[in-house]
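Per-entry structural report
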Amino acid sequence: MYPFNYHQPKSAEEAAHILAANPEAKILAGGQTLLPTMKQRLAGPSDLVDLGAVGDLAGISEKGGTLRIGAMTPHAEVAKSPVVAKAIPALAALAGGIGDPHVRSVGTIGGSVANNDPAADYPAACIALGATIHTTNRDIAADDFFTGLFQTALADDEIITAISFPAAKKAAYTKFRNPASRYAIVGVFVAQAAGGVRVAVTGAGENGVFRVGEMETALDKNFSADAVAGIAVPADGLNSDIHANAEYRAHLITVMAKRAVAAAG
Amino acid sequence: MSATVEINFTLNGRKRQLTIDAGLSALNLLRDKLDMTGTKYACGEGECGACTILVDGLSVNSCLMYAADFDGRDIVTIEGLRSDKGFDPMQDAFVEHGAIQCGFCMPGMIMQARHLADTNKDLTYDGLKRGLEGNVCRCTGYKKVFDAVADVIGIAK
């Protein structure tokens, strides 16, 4: 690990000030991605801004059909929360399938969303459910937030404070997981809400999470697994790596979408 | 920023107050500063679970946590499982089932198993396998580990 300065601010605003003053600084949330990356010397931030002592960034609440999850809430808390289980059970199930128990104890929703790993689970939930990302500066619609591979709309000194998810009528997430890392080789989140059906795919796209419009249109007319069974997503623009090539990922998208629709009922 | 931070926490039931270098990992604090070497350093990158400890009742890789974040928290390590009455039933079960070969992963395994037993009331045999996913063992093949944990939790194999 390269040397760095360590900061432990007491508020998100103080953390944002430290970020603004140190262009090479990074936020430390749960650290389950950042710390291994630093240990492998793939990242060398000048300063680490640890949000562990910022008390008001964690917690789960529900109001008027919208679920609000604080950025520093660990996956394990989302997975076992009765509030989440009641409002959006698919989201609780998604959180319970991230990584391994140790990662879920510490890894946070805000960290996952801010990192925007192309194989992370939460971005699919954010897009499919039409979430809003709350930051120290503003509210950002999930549709405008994920801008590319590990890229987001966040400014350098902007910190996620919470994420709001409107409850859906039906929702489910199905993941074909890498058995070693538990990251999604392909994950599909399907949600049916007042505004229509959304189908969000993670793990597959070269630029991260994306929607499948053709499946959404078909599901709007007929919400059944059969409606998406014949819809193939082109392999063009999908990832190829040692785990799966683009053609296989394209195939898995249809399979996972069918299973997600069936699970959503 | 400050080069050192003061932390107040509970370690295996005992209140501790320490001034530490900011940026010291939790694992290095335990092993190098407090000479509590039961918690093992293996991969150092959160892959293997050998450094598992309990933080406020949740199992955590101590290599991926800063000691500064111990402040205000309740920490239990493998050393804390032993009481005046002797070893924890989970430790005894690992011995009885011969779930140990080289033993290096065992402190982490046992901490995670203890956590599973304490927090999951309706655990199945498959569920405990999933619950131990974060702990890697290169010797035993896991079968005897699963059987030991199943025995303590009281579930059918």
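1. A short note on the pairing of strand E3 (residues 47-50) of chain A
Residue and element names in this part refer to chain A. Side chains of E3 alternate between two faces, with Asp47 and Val49 and Leu48 and Asp50 buried alike. With three bridges connecting them, strand E1 (residues 5-7) and E3 associate as parallel partners. Residue pairing across strands places His7 opposite Val49, the latter belonging to E3. As defined by bridge partners, strand E2 (residues 25-28) adjoins E3 across four bridges and the pair is classed as parallel. Counted as the bridge partner of Lys26 is Leu48 from E3. Taking the sense of rotation as the criterion, the β-α-β connection linking E2, helix H2 (residues 34-39) and E3 turns out right-handed.

2. Regarding the domain arrangement of chain B
Residue and element names in this part refer to chain B. The domains assigned to chain B are domain 1 (4-78) and domain 2 (89-153). For domain 1 versus domain 2, the distance between C-alpha centres works out to 21 Å. Interface area, domain 1 with domain 2, both sides summed: about 1100 Å², of which 65% is carbon and sulfur. Joining domain 1 to domain 2, the criterion identifies zero salt bridges. Summed over the shared surface of domain 1 and domain 2, the number is six residue pairs in polar contact (both at pLDDT 80 or more). Counting only elements with at least two residues in the side of domain 1 that touches domain 2, the list comes to strand E3 (52-55) and strand E4 (58-61). A breakdown of the residues in the side of domain 1 that touches domain 2 according to their chemical character gives eight nonpolar, six polar and two charged.

3. Some words on the domain arrangement of chain A
Residue and element names in this part refer to chain A. What the domain assignment lists for chain A is domain 1 (5-49) and domain 2 (59-264). Computed from C-alpha coordinates alone, the two centres of domain 1 and domain 2 are separated by 25 Å. Of the residues lining the interface, 10 residues belong to domain 1; the matching set on domain 2 comes to 15 residues. Scanning the region where domain 1 abuts domain 2 turns up zero salt bridges. Summed over the shared surface of domain 1 and domain 2, the number is zero residue pairs in polar contact (both at pLDDT 80 or more). Take the side of domain 1 that touches domain 2: its biggest share by element is five residues, from helix H1 (residues 12-21). Taken together, the residues of the side of domain 1 that touches domain 2 break down into seven nonpolar, three polar and no charged.

4. Regarding the interface of chain A and chain B
The interface is formed by 26 residues belonging to chain A together with 25 residues belonging to chain B. For the pair chain A and chain B, the two sides together bury roughly 2100 Å², of which 52% comes from carbon and sulfur. Counting across the chain A and chain B interface gives two salt bridges. Between Arg182(A) and Glu133(B) there is a salt bridge, and its shortest N-O distance comes to 3.7 Å. The tally of links between chain A and chain B comes to nine residue pairs in polar contact (both at pLDDT 80 or more). The residue inventory of the side of chain A that touches chain B, partitioned by class, reads 10 nonpolar, 10 polar and six charged.

5. Re the nonpolar core
Counting 38 residues, the largest nonpolar core has Leu91(A), Val113(A), Tyr122(A), Cys126(A), Ile163(A), Phe165(A) and Phe189(A) as its most contacted members. Put simply, the parts of the chain that give this core at least two residues each are strand E5 (66-70), helix H4 (82-87), helix H5 (89-96), helix H7 (109-115), helix H8 (122-129), helix H9 (142-145), strand E10 (160-166) and strand E12 (184-193) of chain A. Ranked by residue count, the leading element in this core is H8(A), at seven residues. Sequence-distant contacts of Leu91(A), that is, excluding residues within four places in its chain, are made with Leu67(A), Ile69(A), Val78(A), Val84(A), Tyr122(A), Ala125(A), Leu129(A) and Phe165(A). Ranked by size, the runner-up nonpolar core spans 35 residues in total, among them Leu34(A), Cys63(B), Leu64(B) and Phe70(B).

6. Some points on the pairing of E5(A)
Residue and element names in this part refer to chain A. Summarising the sheet, strand E4 (residues 60-63) and E5 pair through four bridges and their orientation is antiparallel. For Lys63, the partnering residue across the bridge sits in E5 and is Thr66. Joining the antiparallel neighbours E4 and E5 is a turn of two residues, in which Gly64 adopts a positive phi near 55 degrees. Sheet topology note: the E5/E10 ladder contains five bridges and is antiparallel. Directly across from Leu67, in E10, lies its bridge partner Phe165.

7. Observations concerning the sheet that holds E3(A)
All names here are of chain A. What the three strands build is an open sheet, ordered E1-E3-E2; its pairing is parallel. Each edge of the open sheet is held by one strand with a lone partner, namely E1 and E2. Each neighbouring strand pair of the sheet contributes to a mean axis angle of 20 degrees, computed without reference to strand direction.

8. Some thoughts on the sheet that holds strand E6 (residues 132-135) of chain A
Residues and elements named next belong to chain A. With respect to topology, five strands assemble into an open sheet ordered E4-E5-E10-E6-E7, the strand pairing being antiparallel. With partners counted over all chains shown, the strands left at the sheet margins are E4 and strand E7 (139-141), one partner each. Averaged over all adjacent pairs, the angle separating strand axes in this sheet is 20 degrees, with direction ignored.

9. Quick look at the packing of helix H2 (residues 89-96) of chain B against helix H5 (residues 143-153) of chain B
Residues and elements named next belong to chain B. The interhelical angle for the contact between H2 and H5, taken along N-to-C directions, is 135 degrees, at an axis separation of 9 Å. Relative to H5, the element H2 is oriented oblique. For H2 against H5, the interelement crossing comes out right-handed. Seen from H2, the contacting residues are Pro89, Met90, Ala93 and Phe94; seen from H5, they are Val145, Ala148, Val149 and Val152.

The rules we used
Residues numbered from 1 in each chain as written. Chains lettered and ligands numbered in written order. Predicted model: local features only at pLDDT ≥ 70, side-chain atom pairs only at ≥ 80, totals over all residues. Heavy atoms only, no water. Buried < 20%, exposed > 50% of the residue type's maximum accessible area, 1.4 Å probe, protein only. Helix = DSSP H or I, 4+ residues; strand = E, 2+ residues; numbered from the N terminus. Pairing = 2+ DSSP bridges. Right-handed = clockwise from strand over helix to strand, strands pointing away. Domains from an automatic or database assignment. Buried area = accessible area lost by both parts, 1.4 Å probe. Salt bridge = Lys/Arg side-chain N within 4 Å of Asp/Glu carboxyl O. Polar contact = N/O pair within 3.5 Å; in protein donor to acceptor, adjacent residues only side chain to side chain. Nonpolar A, V, L, I, M, F, W, Y, C, P; charged D, E, K, R; others polar. Contact = heavy atoms within 4.5 Å. Core = buried A, V, L, I, M, F, W, Y, C linked by side-chain atoms within 4.5 Å. Axes fitted to C-alpha atoms, helices over the stretch in contact; angles between N-to-C directions. Parallel < 35°, antiparallel > 145°, perpendicular 65-115°, else oblique. Left-handed = near helix turned anticlockwise from the far one by under 90°.

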